[in-house]
Amino acid sequence: MSTAKENIEQRLTEILQRDNAACIVLDGEWGVGKTTFWKNFSAKNFDKNSVYVSLFGKESTQEIKQEISLKFYRKNKVVSKILEKFKKFIPAGIFSFLIKRFADNKIAEFSLIMLDSLHTNKYKDAIICFDDFERISDKINLKEILGLISEYKEQQNCHIVMILNRSKMTAPTKETQKGDEENLEAKEPKNTSQIKEDKTELEIILSEYKDKIMDYEFYYDPTPQESFSVISDKLEEVYQDAVSRYFTKHTIKNIRVMRRAINALNDYKQHLEDKLQKYQPIKDNAITYILGISIINAMNSS
């Protein structure tokens with residue numbers, strides 16, 4: 001299981017360029033930038049034939065399928081291409097109006113999607129990324145989503161990327177076991193079969209489908225410098241070296257926490273530059289203090 005960012009990029013490029021479809025799991029802690037990493041990577045290398053869909057807030061597999069279809073249609077500008085075929089039969093003013101209306105009209109696009117639903121291999125060799133597995137609604141069974149993924153992979157030869165935080169998907173089990181340990185005097189020791197039965201449904205389903213559809217698994221664990229490089233342009237250049245050293249020293253690599261610290265420092269820029277410009281040691285201490293407090297607040301709110 002690779003963890004270095006460069007190694008993961010190299011392996012993803014190699015796997016996704018193959019003719020045979022593969023399912024790749026991109027695991028990692030919340031906030032380290034898995035989604036940002038994938039979006040930047042796919043935009044750079046596979047923009048024309050890849051789409052991204054978050055499972056957060058979805059209430060049915062049909063809704064997921066419709067969003068995938070809609071994004072493919074928009075990416076390939078299918079609606080505009082269809083209207084172009086009739087351009088010579090439509091007055092210029094009306095044609096421009098229709099292009100705008102259809103481009104903004106989801107109903108029109110969904111109608112085309114439903115008409116095209118009878119066509120096979122419409123996403124052949126595409127790359128579909130599914131994100132936020134640990135945030136799926138209780139209205140959707142994880143087995144249905146994994147079944148949908150299997151369908152895209154096996155029938156459409158689509159490469160699949162699954163972004164998730166496995167530790168959060170099995171957290172309820174760990175909490176239950178912790179509670180059991182704290183109350184051992186009131187309970188009989190559990191045997192292996194009992195512990196297995198206590199696993200959460202999500203963990204069991206993931207294990208069940210791992211060998212069926214998951215071909216590769218990568219753990220995204222960037223260095224503080226790699227995480228900071230993603231959002232360093234949001235920080236005033238004069239502070240970048242100091243902040244980079246601080247994040248490295250304290251092993252801060254959660255991008256959400258970094259953003260809070262950067263926002264706080266940018267907010268205090270005027271005071272730091274106006275009041276402490278002549279007092280560099282005091283200014284350095286103030287920067288360290290602002291970073292520390294903002295990071296503590298960010299971690300507590302998380």
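Fair warning: this is a prediction, and the values are worked out from it, not measured in the lab.

### Here's the deal with the nonpolar core
- Counting 31 residues, the largest nonpolar core has Phe-130, Phe-133, Ile-149 and Met-162 as the members making the most contacts within it.
- Counting residues per element, the ones that place at least two in this core are strand S1 (23-27), strand S2 (50-54), helix H3 (61-76), strand S3 (127-131), helix H7 (142-156), strand S4 (159-164) and helix H11 (201-213).
- Here the element with the most residues in this core is H7; it accounts for six residues.
- Ignoring sequence-local partners within four residues, the contact set of Ile-149 consists of Cys-23, Phe-130, Phe-133, Ile-160, Met-162 and Ile-213.
- Residues Val-243, Tyr-246, Ala-264 and Ile-287 belong to the second largest nonpolar core, which totals 22 residues.

### Observations regarding the packing of aromatic side chains
- Following the criterion strictly, the structure yields six aromatic pairs and no others.
- With centroids separated by 5.8 Å and ring planes inclined at 40°, the aromatic side chains of Trp-38 and Phe-41 adopt a geometry described as tilted. Taken together, the residues Trp-38 and Phe-41, both in helix H2 (residues 34-45) and three residues apart, mark about one turn of the helix. The pair Trp-38 / Phe-41 is uniform in exposure class, with both members buried.
- Relative to Phe-247, the ring of Phe-228 has its centre 5.6 Å away and its plane inclined at 65°; by these criteria the two rings are edge-to-face.

### Quick word on the confidence of the model for the protein chain
- Chain-level statistics for the protein chain give a pLDDT mean of 78 and a share of 72% at 70 or above.
- Here residues 171-190 is a poorly scored stretch, pLDDT under 50, and it has 12 contacts once near neighbours within four places are set aside; other chains count.
- Confidence drops under pLDDT 50 across residues 194-199; counting only partners more than four residues distant or on other chains, this segment forms seven contacts.

### Re the pairing of S2
- S2 sits mainly inside the fold: five of its five residues count as buried.
- Burial of S2 is two-sided: the residues Ser-50, Tyr-52 and Ser-54 facing one way and the residues Val-51 and Val-53 facing the other way are all buried.
- Bridge analysis of S2 against S3 gives five bridges, and the strand direction is parallel. Bridge pairing links Ser-50 to Ile-127 in S3.

Procedures and definitions
- Residues numbered from 1 in each chain as written.
- Predicted model: local features only at pLDDT ≥ 70, side-chain atom pairs only at ≥ 80, totals over all residues.
- Heavy atoms only, no water.
- Core = buried A, V, L, I, M, F, W, Y, C linked by side-chain atoms within 4.5 Å.
- Buried < 20%, exposed > 50% of the residue type's maximum accessible area, 1.4 Å probe, protein only.
- Helix = DSSP H or I, 4+ residues; strand = E, 2+ residues; numbered from the N terminus.
- Contact = heavy atoms within 4.5 Å.
- Phe/Tyr/Trp six-rings, centres within 6.5 Å; stacked < 30°, edge-to-face > 60°.
- pLDDT = per-residue confidence, 0-100.
- Pairing = 2+ DSSP bridges.

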